[in-house]
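# Observations on the model geometry
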Amino acid sequence: MNLLSAHWSYDPFLLVTVGLALWHERGVRHLAARSSSVKGSAKGSARRRQSLLFYAGLAVLDLTVMSPIDYYSDLYYWVHMIGHLLLMFAVPVLIVAGAPW
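The structure presented is a predicted model; accordingly, all values stated were derived computationally and were not measured.

### Some details on the nonpolar core
Residues A21, F54, Y55, L58, L61, V91 and I95 constitute the largest nonpolar core, which totals seven residues. Going through the elements one at a time, α3 (38-66) and α5 (77-98) are the ones with two or more residues in this core. Looking at this core element by element, the count peaks at four residues for α3.

The structure is reproduced here in structure tokens:
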């Protein structure tokens with residue numbers, strides 16, 4: 001268990017991603033409050049699904065950069081490659097699937 005709980009880094013980048021997620025959530029809630037039609041509920045659930053995908057992408061990005069994956073990537077090549085796979089495939093797919101823009 002010590003392998004998972006040790007070697008976490010608390011980067012100021014976490015504040016940027018949390019701030020971005022809060023700003024995005026504020027916009028999603030504002031859009032949900034403005035749409036009051038029956039179609040709005042379908043659009044609202046689609047927006048909620050997209051926002052959860054976007055937040056998942058930010059969470060994977062934060063976990064990859066600040067978790068022990070980053071620490072052990074200096075010691076083990078295979079952990080370094082797992083970090084690359086997460087950063088190059090998982091994070092962009094989740095963020096683009098969320099498509100906040």
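### Quick word on the side chain of S67
By the secondary structure assignment, S67 is in the loop between α3 and α4 (68-72). A residue is classified by how much of its surface remains accessible, and S67, at 7% relative accessible area, is buried. Only 2.4 Å separates the side chain of S67 from the backbone oxygen of L63, close enough to count as a polar contact. For S67, the contacting residues outside a window of four places in its chain are H7, W8 and D62.

### Comments concerning a nonpolar patch on the surface
A contiguous nonpolar patch, built from Y71, L75, Y76, W78 and I82 and spanning about 550 Å² of accessible area, is present on the exposed surface. Tracing the chain through its elements places I82 in helix α5. For I82, a relative accessible area of 36% puts it in the partly exposed group.

### Focus: the pattern of salt bridges
A full pass over the atoms with the stated rule returns two salt bridges. A salt bridge links R29 to E25, with the nearest nitrogen and oxygen atoms 3.2 Å apart. With R29 and E25 both in helix α2 (residues 13-34), this residue pair falls four residues apart, about one helical turn. For R29, a relative accessible area of 56% puts it in the exposed group. Here E25 falls in the buried class, since its relative accessible area comes to 13%.

So, how was this worked out
- Residues numbered from 1 in each chain as written.
- Predicted model: local features only at pLDDT ≥ 70, side-chain atom pairs only at ≥ 80, totals over all residues.
- Heavy atoms only, no water.
- Core = buried A, V, L, I, M, F, W, Y, C linked by side-chain atoms within 4.5 Å.
- Buried < 20%, exposed > 50% of the residue type's maximum accessible area, 1.4 Å probe, protein only.
- Helix = DSSP H or I, 4+ residues; strand = E, 2+ residues; numbered from the N terminus.
- Polar contact = N/O pair within 3.5 Å; in protein donor to acceptor, adjacent residues only side chain to side chain.
- Contact = heavy atoms within 4.5 Å.
- Patch = residues over 30% accessible without salt bridge, like charges linked within 9 Å, V, L, I, M, F, W, Y side chains within 5 Å.
- Areas by Shrake-Rupley, 256 points an atom, 1.4 Å probe, with all protein chains shown as cover.
- Salt bridge = Lys/Arg side-chain N within 4 Å of Asp/Glu carboxyl O.

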